[in-house]
Amino acid sequence: MDLLESCVSFESERTDFQNKVLAGLQGGFNHLYSHGLLFDLTVAIGDETFECHRFMLAAASDFFKASLTSSWCESSSRLVRLDHSDVTSDSFRLLLDILYEGKDVVTMTTARGILKMAIFLQIKFLQDDVKAYLSDNMSADTCIGIWQFAELYELKQLAQEAADLAVTEFELVSICDEFLDIPKTFLLILLSSVTSSRFTSTKLSENARQMDCLFYAILRWVEADADSRKTHLPELLPFVCFPQLTPGCLDKAVAYLNHPFRDVMFG
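Residues numbered from 1 in each chain as written. Predicted model: local features only at pLDDT ≥ 70, side-chain atom pairs only at ≥ 80, totals over all residues. Heavy atoms only, no water.

1. Quick notes on the nonpolar core
Here's step 1: Core analysis: the biggest nonpolar cluster contains 75 residues, and Phe64, Leu82, Phe92, Leu121 and Leu190 have the highest contact counts within it.
Here's step 2: Ranked by the residues each element gives to this core, the list is headed by helix α12 (residues 204-223), at nine residues. (Core = buried A, V, L, I, M, F, W, Y, C linked by side-chain atoms within 4.5 Å. Buried < 20%, exposed > 50% of the residue type's maximum accessible area, 1.4 Å probe, protein only. Helix = DSSP H or I, 4+ residues; strand = E, 2+ residues; numbered from the N terminus.)

Printed below as a string of structure tokens:
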């Protein structure tokens, strides 16, 4: 065995040993937790309380490390109350499953709740894991919600990935339920990106089909809340190149002469 093979073998054995140590510790933590042993901290969230170990939360969370090791009153108190909308009892319960049992509880249903909790509690490894999960599992019917969420929490890379997917899969995105709830500011950004990047085909029929999709998407969004949104049509319709619409779509546009939107469309 040469030197390189020896080094690789040593690193492999070292990794195996480290994994055994971690597995042993995880099993020990789980035993203490499941048997209610040595609890020294109670976390209160709303009407629910959770018995925990200070060292476990401090090791995982910079928020808990600061509050339990500083001059804050929590450092000497057995009770920590979390009154923040980003930390719910459901998400904190999932956090304990992760820390004590090593459970993989991240799904498309739980991901955003876990991520905003991890951001507030400053749990970096969990933030990174959930962001990667959302990135890997994003689809046309979820990218709009993820885009808005990522912008709200200043997750720039995730926000850009979601926005890019919304543009690439616009035809599918525009018929999803999430699309109907998109705020106007996001819709304007999306329409601008779509018109600047999607209508590059040398085939007129392809551009016409995509322009039809854009036109229908705008009308669908407006019709979802016609009373409050019809006033936005003057901002939205300039994204539509009417001469590029197919004859069938133009017929439907003309039909709007008898539609409640006719004043803003053809006024």
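Still more ground to cover, so stick around.
2. Here's the deal with the packing of aromatic side chains
Here's step 1: Here the structure, examined in full by the defined rule, presents twelve aromatic pairs.
Here's step 2: A ring pair is formed by Phe29 and Phe55, whose centres lie 5.5 Å apart and whose planes are at 55°; its orientation type is tilted. Of this pair, Phe29 sits in helix α1 (residues 3-34) while Phe55 sits in helix α2 (residues 54-60), and the two are 26 residues apart along the sequence.
Here's step 3: Judged by its relative accessible area of 22%, Phe29 falls in the partly exposed class.
Here's step 4: Taking 6.0 Å as the distance between ring centres and 50° as the angle between the ring planes, the aromatic pair formed by Phe215 and Tyr216 counts as tilted.
Here's step 5: Judged by its relative accessible area of 33%, Tyr216 falls in the partly exposed class.
Here's step 6: An aromatic cluster of at least three residues, connected via ring pairs, comprises Phe50, Phe63, Phe64, Phe92 and Phe120.
Here's step 7: Arg229 extends its terminal NZ or CZ atom over the ring of Trp221, reaching a point 4.1 Å from the ring centre. (Phe/Tyr/Trp six-rings, centres within 6.5 Å; stacked < 30°, edge-to-face > 60°. Lys NZ or Arg CZ within 6 Å of the ring centre and 35° of its normal.)

3. Observations regarding the layout of surface pockets
Here's step 1: As a volume, the largest pocket reaches approximately 340 Å³.
Here's step 2: Elements with a minimum of two residues in the lining of the largest pocket: α1, α2, α4 (89-101) and α6 (124-137).
Here's step 3: At four residues, the largest contribution of residues to the lining of the largest pocket is made by α1.
Here's step 4: Considering only enclosed or pocket space, the second largest pocket measures out at about 160 Å³ in volume.
Here's step 5: For the lining of the second largest pocket, the elements supplying multiple residues, two or more each, are α7 (143-152), α8 (156-168) and α11 (184-197).
Here's step 6: Per-element tally for the lining of the second largest pocket: the top contributor is α8, with six residues.
Here's step 7: When its residues are assigned to classes, the lining of the second largest pocket shows eight nonpolar, two polar and four charged. (1 Å grid on protein atoms, 1.4 Å probe; cavity = no way out; pocket = protein on both sides within 12 Å on 5 of 7 lines; lining within 4 Å. Points joined across faces, edges and corners; volume = space filled by probe spheres on them. Nonpolar A, V, L, I, M, F, W, Y, C, P; charged D, E, K, R; others polar.)

4. Observations regarding the pattern of salt bridges
Should their charged atoms come close, side chains of opposite charge can pair.
Here's step 1: Enumeration according to the criterion identifies ten salt bridges in this entry.
Here's step 2: For Asp62, the salt bridge identified is with Lys65, shortest N-O distance 3.6 Å. Remark: Lys65 and Asp62 occur in helix α3 (residues 62-69); sequence separation between them is three residues, near one turn of the helix.
Here's step 3: Look at Asp62 and you get partly exposed, because its relative accessible area is 39%.
Here's step 4: Across the pair Lys184 and Glu235 runs a salt bridge whose closest N-O atoms are separated by 2.9 Å. Of this pair, Lys184 sits in helix α11 while Glu235 sits in helix α14 (residues 233-236), and the two are 51 residues apart along the sequence.
Here's step 5: With relative accessibility at 24%, the residue Lys184 sits in the partly exposed group.
Here's step 6: For Glu235, a relative accessible area of 36% puts it in the partly exposed group.
Here's step 7: The network of salt bridges with shared partners includes Glu48, Asp90 and Arg93. (Salt bridge = Lys/Arg side-chain N within 4 Å of Asp/Glu carboxyl O.)

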